[in-house]
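Chain by chain, the residues:
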Amino acid sequence: MLIGLNLRAGITSAAPLFLDLQEFLGYGAFVAALLPSIPTLVFAAAGLSTAWLAFRASPTTWALLAGTVAAMCGLALCNVSMPSFIRENFAQKTSLMTGL
């Protein structure tokens, strides 16, 4: 249940930011309409490959290494950007938010 909630939080929490992003970045109506649909499109595309990946269609060492590199790239991006995000959005609660 916790994994399910965690997976959905990134998708559902992004919508309130779209108007601020549009004002800050100045993109037009097309991007404003496209941006919220990207998660759904990615879920559909990635969902098609789930069965193939779940049954380890490529049980090779290089696939293990490539998957590990891809996962660690995502973690590294979050690890480096999270302190700046916390300082910018939770300046009064930096220690608490970093701990959480």
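Along every chain, residues carry numbers that run from 1 in the direction the sequence is written. Since the coordinates come from a predicted model, pLDDT governs what is reported: local features require at least 70, and pairs of side-chain atoms require 80 or more to be given and counted, while whole-chain, interface and lining totals use all residues. Side-chain numbers come from the whole structure's heavy atoms, not from hydrogens or water.

### Some remarks on the overall build of the chain
No. 1: Every helix listed is a DSSP run of H or I at least four residues long, and every strand listed is a run of E at least two residues long, numbered separately from the N terminus. In terms of regular secondary structure, the chain is built from seven helices and zero strands.
No. 2: The order of α-helices and β-strands along the chain, N terminus first, is α-α-α-α-α-α-α.
No. 3: Any residue under 20% of the maximum accessible area for its type is buried, any over 50% is exposed, and the rest in between are partly exposed; the area is computed with a 1.4 Å probe on protein chains only. Within the chain, the proportion of its 100 residues that are buried is 3%.
No. 4: Counting only carbon and sulfur atoms, one obtains 73% of the accessible surface of the chain, whose full area is about 8600 Å². Only the protein chains shown count as cover for residues, and all accessible areas are computed by the Shrake-Rupley method using a 1.4 Å probe.

### Topic: the confidence of the model for the chain
No. 1: A residue's pLDDT is the confidence the predictor assigns to it, expressed on a 0 to 100 scale. When pLDDT is averaged across the chain, the result is 78; 78% of the residues are at 70 or more.
No. 2: For the chain, per-element mean pLDDT is lowest for helix 1 (residues 2-12), which scores 64, and highest for helix 3 (residues 29-34), which scores 85.

### So, a nonpolar patch on the surface
No. 1: Patch construction takes residues with relative accessible area above 30% that form no salt bridge. Like charges are linked within 9 Å, and nonpolar side chains (Val, Leu, Ile, Met, Phe, Trp, Tyr) are linked within 5 Å. The term salt bridge refers to a side-chain nitrogen of Lys or Arg lying within 4 Å of a carboxyl oxygen of Asp or Glu. A contiguous nonpolar surface patch, about 550 Å² in accessible area, is contributed by Phe30, Val31, Leu34, Ile38, Leu41 and Val42.
No. 2: Sorting the residues of the nonpolar patch by element identifies helix 3 and helix 4 (38-48) as the ones contributing at least two each.
No. 3: Assignment of secondary structure puts Leu41 in helix 4.

### A short note on the packing of aromatic side chains
No. 1: Stacked, edge-to-face and tilted are the three classes for Phe, Tyr and Trp ring pairs, Trp counted by its six-membered ring, which pair at centre distances within 6.5 Å; planes under 30 degrees apart are stacked, over 60 edge-to-face, the rest tilted. This structure, assessed with the given rule, holds one aromatic pair.
No. 2: Aromatic side chains Phe85 and Phe90 sit 6.4 Å apart centroid to centroid with 65° between the ring planes, which places their arrangement in the edge-to-face category.
No. 3: Note on Phe85: relative accessible area 44%, which makes it partly exposed.
No. 4: For Phe90, a relative accessible area of 30% corresponds to the partly exposed category.

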